[in-house]
Amino acid sequence: MEETLMADKPTKGLADVVAASTALSDIDGKAGRLFYRGYDIHDLAGRTTFEETAHLLQHGKLPNREQLAAYGDELVRGRSLGNLVQANVAEIAEKQEPMEALRTLVSLASADDPDKDSNAADANLRKAARLTAQQPLLVARYHAARTGTEIPEPDPELSVAANFLLQITGRNPSPREVEIFDECLVLHADHTMNASTFAARVCAATLSDMHSAVVAAIGTLKGPLHGGANEQVMRTLESIDPAGVAQTVRDKLAAHEKIMGFGHRVYKVEDPRATHLRAMSRELGEASGDDTYYRMSKEMEEVVLAEKGLFPNVDFFAATVYHYLGIPTDLFTAVFSVSRMAGWTAHVIEQHADNRLIRPDSEYIGERDQKWTQIDER
């Protein structure tokens with residue numbers, strides 16, 4: 001009887017509980033592999049553009065040239081921001097931090113979306129493209145508003161990656177910088193049933209609309225246990241004396257302080273995305289003429305692996321890659337949302353296509369059969 005009760009005991013945090021069937025992405029945590037619709041991430045990263053990857057996730061297949069051109073045209077048409085966003089972005093930027101602002105701006109954007117009242121398959125695909133196109137523009141407009149600067153309008157001839165770097169940094173990025181950032185977007189596009197994706201699917205499962213589901217995802221990503229690790233990695237690097245990295249890390253570990261950017265709930269070996277990001281961090285650091293932060297990261301990686309047996313996750317080297325690309329540190333999580341929009345919207349499409357309300361059970365641990373008394377007797 002005791003064994004039966006233990007078997008029925010709920011898993012805290014829903015660890016290892018299968019919450020949905022999906023054809024979008026898969027992880028082999030023991031082997032350190034990640035797949036998008038059956039394609040190994042090592043085959044996609046650096047060889048497939050973000051636009052191709054978004055099409056793969058949302059439409060179910062890698063596009064041919066004609067399909068990619070059509071999808072690119074759809075992204076170009078979707079980059080314009082609605083009246084509500086335009087009218088409110090300055091005030092929002094004044095009062096809200098990046099992830100709060102994006103949560104608000106995406107919600108406002110829904111009001112001007114022509115497909116806002118439909119969950120039909122074709123309407124969802126159009127909304128997915130518009131959200132994917134608008135998210136980088138929302139981040140750039142927010143940053144421009146809070147810094148009092150002007151940004152150029154998106155160039156229809158440029159990719160998502162190139163336009164974003166141009167608008168955030170105010171300079172024309174080099175072709176190699178565009179390639180590297182585009183690869184970052186591919187690496188972050190989807191990652192199975194993480195917290196924000198699960199939140200999006202729970203919302204979508206009620207037959208709520210795609211914008212609402214994405215707002216739920218952004219609100220979930222805002223939480224520091226899900227998003228923000230890449231920002232904290234950079235702030236940690238900035239706070240450490242380059243000459244004392246190893247000792248600082250050992251002191252933090254001895255004090256049981258968490259070193260951000262290490263370990264993963266699923267991967268038992270190196271996160272496959274970290275393999276690519278490490279190489280990009282090294283390349284950008286050397287190209288910048290000051291690879292201090294890359295060298296510090298490598299030293300931290302070696303100490304944490306030796307002391308705790310933990311590998312870096314996707315956030316660790318992403319921090320220095322974004323830094324070298326000129327992206328402000330407090331926008332790192334917002335940049336993650338630019339990429340993950342492809343995955344979130346694809347999950348909403350998949351949920352709506354074969355829907356069942358997500359309603360898990362819970363284990364009640366409170367009192368039972370309590371005696372009610374009048375308020376004056378309590």
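Predicted model, so just to flag it, every value in this text is computed and none were measured.

1. Thoughts on the side chain of Thr53
- Tracing the backbone shows Thr53 in helix α3 (residues 50-59).
- Dropping the residues within four chain positions of it, Thr53 is found in contact with Tyr36, Thr48, Val186 and Ala189.

2. Some details on the packing of aromatic side chains
- According to the stated counting rule, one finds 6 aromatic pairs in the structure shown.
- On the basis of an interplanar angle of 65° and a centroid distance of 6.3 Å, the ring pair of Phe181 and Tyr322 is categorised as edge-to-face. Here Phe181 is found in helix α9 (residues 175-187), whereas its partner Tyr322 is found in helix α16 (residues 314-324), with 141 residues between them in sequence.
- Between the aromatic rings of Tyr294 and Phe317, the centroid separation amounts to 6.4 Å while the plane-to-plane angle is 40°, which identifies the pairing as tilted.

3. So, helix α11 (residues 210-221)
- When the terminal C-alpha atoms of α11 are compared, their 16 Å separation across 12 residues agrees well with the 16 Å that a helix rising 1.5 Å per residue should span.
- Where α11 is buried, its residues touch α6 (98-111), α7 (121-147), α10 (195-205) and α17 (332-353).
- A distance of 3.1 Å separates the backbone nitrogen of His211 from a side-chain oxygen at the start of α11, and that oxygen is part of Asp209.

4. Some remarks on the pattern of salt bridges
- Counting across every chain of the model gives 23 salt bridges.
- Between Arg201 and Glu350 there is a salt bridge, and its shortest N-O distance comes to 2.7 Å. Of this pair, Arg201 sits in helix α10 while Glu350 sits in helix α17, and the two are 149 residues apart along the sequence.
- The class of Glu350 is buried, set by a relative accessible area of 17%.
- Residues Lys252 and Glu257 are paired through a salt bridge, measuring 3.4 Å at the closest nitrogen-oxygen approach.
- Residue classification places Lys252 among the partly exposed positions, given a relative accessible area of 24%.
- What emerges from the salt-bridge pattern is a single network uniting Asp113, Asp115, Asp122, Arg126 and Arg130.

5. Let's talk about the nonpolar core
- Ranked by size, the top nonpolar core spans 101 residues in total, and within it Phe181, Leu277, Val321 and Ile327 carry the most contacts.
- Look past the residues within four positions of Leu277 in its chain and what remains in contact with it is Cys184, Leu187, His188, Val314, Phe317, Ala318 and Val321.

6. Here's the deal with unusual backbone geometry
- One non-glycine residue, Arg37, lies in positive phi territory at about 45°.
- By the secondary structure assignment, Arg37 is in the loop between β2 (33-36) and β3 (39-40).
- One non-glycine residue with positive phi stands out, namely His256, at about 60°.
- Inspection of the secondary structure puts His256 in the loop between α13 (245-254) and α14 (272-288).

7. Observations regarding the pairing of strand β1 (residues 25-28)
- Only one face of β1 is buried: it carries Ser25 and Ile27, and the other face, with Asp26 and Asp28, is open.
- Relative to β2, β1 runs antiparallel, the two sharing 4 bridges. Counted as the bridge partner of Asp28 is Arg33 from β2.
- Between β1 and β2, which pair antiparallel and follow one another directly, the connecting turn spans 4 residues, one of which, Gly32, has a positive phi of 70°.

8. Remarks on the pairing of β2
- Taken together, the 2 bridges between β2 and β3 define a ladder with antiparallel strand orientation. Within the sheet, the bridge partner assigned to Phe35 lies in β3 and is Asp40.
- The turn linking β2 back onto β3 is made up of 2 residues, and Arg37 within it adopts a positive phi angle of 45°.

9. Here we look at the packing of helix α5 (residues 83-95) against α6
- Running from N to C, α5 and α6 cross one another at 165°; their axes reach a closest spacing of 9 Å. In terms of axis orientation, α5 runs roughly antiparallel to α6. Both α5 and α6 take part in a crossing whose hand is right-handed. Residues Leu84, Val85, Asn88, Val89 and Ile92 of α5 touch α6, and the partners they reach there are Ala101, Thr104, Leu105, Leu108, Ala109 and Ala111.
- For the contact of α5 with α6, the residue count by class is 9 nonpolar, 2 polar and no charged.

10. Some words on the packing of α3 against helix α4 (residues 65-78)
- The N-to-C vectors of α3 and α4 enclose an angle of 95°; their axes lie 10 Å apart at closest approach. One finds that α3 runs roughly perpendicular with respect to α4. Listed contacts from α4 to Glu51, Glu52, Ala54, His55, Gln58 and His59 of α3 are Gln67, Leu68, Tyr71 and Leu75.
- Of the residues that constitute the contact of α3 with α4, the class distribution is 4 nonpolar, 4 polar and 2 charged.

11. A few points about the environment of Leu131
- Of note, Leu131 is situated in helix α7.
- Separated by 81 residues in sequence, Leu131 and Phe50 have C-alpha atoms that sit 14 Å apart.
- Those residues within four positions of Leu131 in sequence are excluded, and the remaining contacts are Val106, Met210, His211, Val214, Met341 and Thr345.

What counts and how
Residues numbered from 1 in each chain as written. Predicted model: local features only at pLDDT ≥ 70, side-chain atom pairs only at ≥ 80, totals over all residues. Heavy atoms only, no water. Helix = DSSP H or I, 4+ residues; strand = E, 2+ residues; numbered from the N terminus. Contact = heavy atoms within 4.5 Å. Phe/Tyr/Trp six-rings, centres within 6.5 Å; stacked < 30°, edge-to-face > 60°. Expected span 1.5 Å × (residues − 1). Polar contact = N/O pair within 3.5 Å; in protein donor to acceptor, adjacent residues only side chain to side chain. Salt bridge = Lys/Arg side-chain N within 4 Å of Asp/Glu carboxyl O. Buried < 20%, exposed > 50% of the residue type's maximum accessible area, 1.4 Å probe, protein only. Core = buried A, V, L, I, M, F, W, Y, C linked by side-chain atoms within 4.5 Å. Pairing = 2+ DSSP bridges. Axes fitted to C-alpha atoms, helices over the stretch in contact; angles between N-to-C directions. Parallel < 35°, antiparallel > 145°, perpendicular 65-115°, else oblique. Left-handed = near helix turned anticlockwise from the far one by under 90°. Nonpolar A, V, L, I, M, F, W, Y, C, P; charged D, E, K, R; others polar.

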